[in-house]
Amino acid sequence: MFEIQEALTFKSMCESSRKVAIVVHAHPDGDAMGCSCGLRAYLGAFTSAECRIVIPDSYPDTLSFFVPEGSVIDASREQEDAFAWVTSCDLLVVMDMNRFDRASVLAPALEQCTSPRVLIDHHLDPDRGKFSLVFSETDISSASELTYWILKGICPEGLPKEVLKPLLVGMTTDTNNFANSVWPSTFTMASEIIAAGVDRDEILSYLYNEYRENRLRALGYILSRKMEISSDGVAYVILDAGELNSFDLQDGETEGFVNMPLSLGKVRMSLLLKEDDGYYRVSVRSKKGVSANAYAKTFFHGGGHENASGGRLYFPGDIPGREMARDYVEQTAARFMRSTAPLGKN
Ligand code: 5GP
Ligand code: MN
């Protein structure tokens, strides 16, 4: 973990700032929105800084229950305002991402920002040289958990619920509700936040019991008609734009799908490919002993965590056309799995 002195340095940076920009990765998920909302609430409660969370594109509606009105500038809707806030802030905090290019359209603004930059992240291989202060832990559940320990360290008087609630949400979504990447510290964090009075049942209800019917219908279709399993134990689902449209699947509504094939004993890695504009967005999940990170890095220009990563497959570029995605997955998965130690040997 970080040194307390580093956390105190961060505290004085926050206290001496008037205008703070928090930037998270493209297609922000629960952890990205959770840690950023938690830090923003801290700044609101304990400093006089004005803070905006600047996001490269929109976050899923399912997360709107904890994102305060007016706290976010979405670069896909207000590009100029987003750019202006990032380049004119006096403190930039980059959260839940390891390199500037993860912020897609905002990457040039991050590059141009001349104020101190702080990183709070839990991904592998952070680009440390771009930051004056780095909080990077990979043996932790989420950026939200890391934010919790930093803020707890600098706030002996105790953190209010507005800070704690989004952090509990972010940790919950990134661990898939305590299923993956859970450490003893994760349970301690959850226990302390619940003891402070945050209503976990309410959070779970918003996260997991408020979906639209189309999501469940799409899941049924995907599992029965679209999931393929290679002889090397790699399950994959390729969804083209037409299918995503016909189920009206919005961002966030496929959250969790990629994990499901891992419930099969014979499956060691699972992929979900979703067609976007000229590329597929790729999600990769793996069981212990198989590196989703190495696979995403080698074949999909991506990375992330050891067992949960993502990337992209461009067409043309990586493959001549979208219809070649299946062959590409079959071939790369076979090559990769044959170079990976067999089950039980690691
Ligand atoms: P997801 O599959 O949920 O979109 O992402 C899983 C993990 O992989 C997350 O930690 C995310 O930050 C990372 N990830 C997703 N897409 C990319 C990508 O295009 N590049 C890199 N480097 N990481 C990604
Ligand atoms: Mn995260």
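Note that this is a predicted model, so its numbers are computed, not measured. (Residues numbered from 1 in each chain as written. Chains lettered and ligands numbered in written order. Predicted model: local features only at pLDDT ≥ 70, side-chain atom pairs only at ≥ 80, totals over all residues. Heavy atoms only, no water.)

Within soluble globular proteins, side chains that are nonpolar tend to cluster in buried spots. Among the nonpolar cores identified, the biggest contains 54 residues, and Phe10, Leu39, Tyr42, Val93, Val118, Ile120 and Phe135 are the most heavily contacted of them. Looking at which element gives the most residues to this core, the answer is helix H2 (residues 30-46), with 8 residues. Beyond its immediate chain neighbours, meaning those up to four positions away, Val118 contacts Phe10, Met13, Leu91, Leu92, Val93, Val94, Phe131, Leu133 and Phe135. If you look at the next biggest cluster of nonpolar residues, it comprises 24 residues, including Val284, Ile319, Tyr328 and Ala333. (Core = buried A, V, L, I, M, F, W, Y, C linked by side-chain atoms within 4.5 Å. Buried < 20%, exposed > 50% of the residue type's maximum accessible area, 1.4 Å probe, protein only. Helix = DSSP H or I, 4+ residues; strand = E, 2+ residues; numbered from the N terminus. Contact = heavy atoms within 4.5 Å.)

Before going further, it helps to spend a moment on the sheet that holds strand E2 (residues 50-55). Strand order in the open sheet formed by 6 strands is E3-E2-E1-E4-E5-E6, and the pairing between neighbours is parallel. At either margin of the open sheet sits one strand with a lone partner, and together these are strand E3 (72-74) and strand E6 (133-136). Across the sheet, the mean angle from the axis of one strand to that of its neighbour is 20 degrees, orientation sign disregarded. Where strand E1 (residues 19-23) lies against E2, 5 bridges are found, and the strand directions are parallel. Its bridge partner lying in E2, Ala21 is registered against Arg52. Strands strand E4 (91-95), strand E5 (117-121) and E6 of the sheet are contacted by helix H1 (residues 4-15), whose axis makes an angle of about 125 degrees with E6. Set on the sheet, H2 makes contact with E1, E2, E3 and E4; between it and E2 the angle comes to about 170 degrees. (Pairing = 2+ DSSP bridges. Axes fitted to C-alpha atoms, helices over the stretch in contact; angles between N-to-C directions.)

Around ligand 1, a shell composed of Arg102, His123, Ser283, Arg285, Gly302, Gly303, His305, Ala308, Ser309, Gly310 and Gly311 is seen. In this structure, an oxygen atom belonging to ligand 1 sits 2.8 Å away from a side-chain N or O atom of His123. Contacts to ligand 1 include His305, whose side-chain N or O atom sits 3.0 Å from an oxygen atom. In isolation ligand 1 exposes 500 Å². Once the protein is present, 78% of that is buried. Within the residue set of the shell around ligand 1, elements represented by two or more residues are strand E10 (279-286) and strand E12 (308-314). A total of 4 residues in the shell around ligand 1 trace back to one element, the largest contributor, which is E12. Across the shell around ligand 1, the residue classes break down as 1 nonpolar, 8 polar and 2 charged. (Near = heavy atom within 4 Å. Polar contact = N/O pair within 3.5 Å; in protein donor to acceptor, adjacent residues only side chain to side chain. Areas by Shrake-Rupley, 256 points an atom, 1.4 Å probe, with all protein chains shown as cover. Nonpolar A, V, L, I, M, F, W, Y, C, P; charged D, E, K, R; others polar.)

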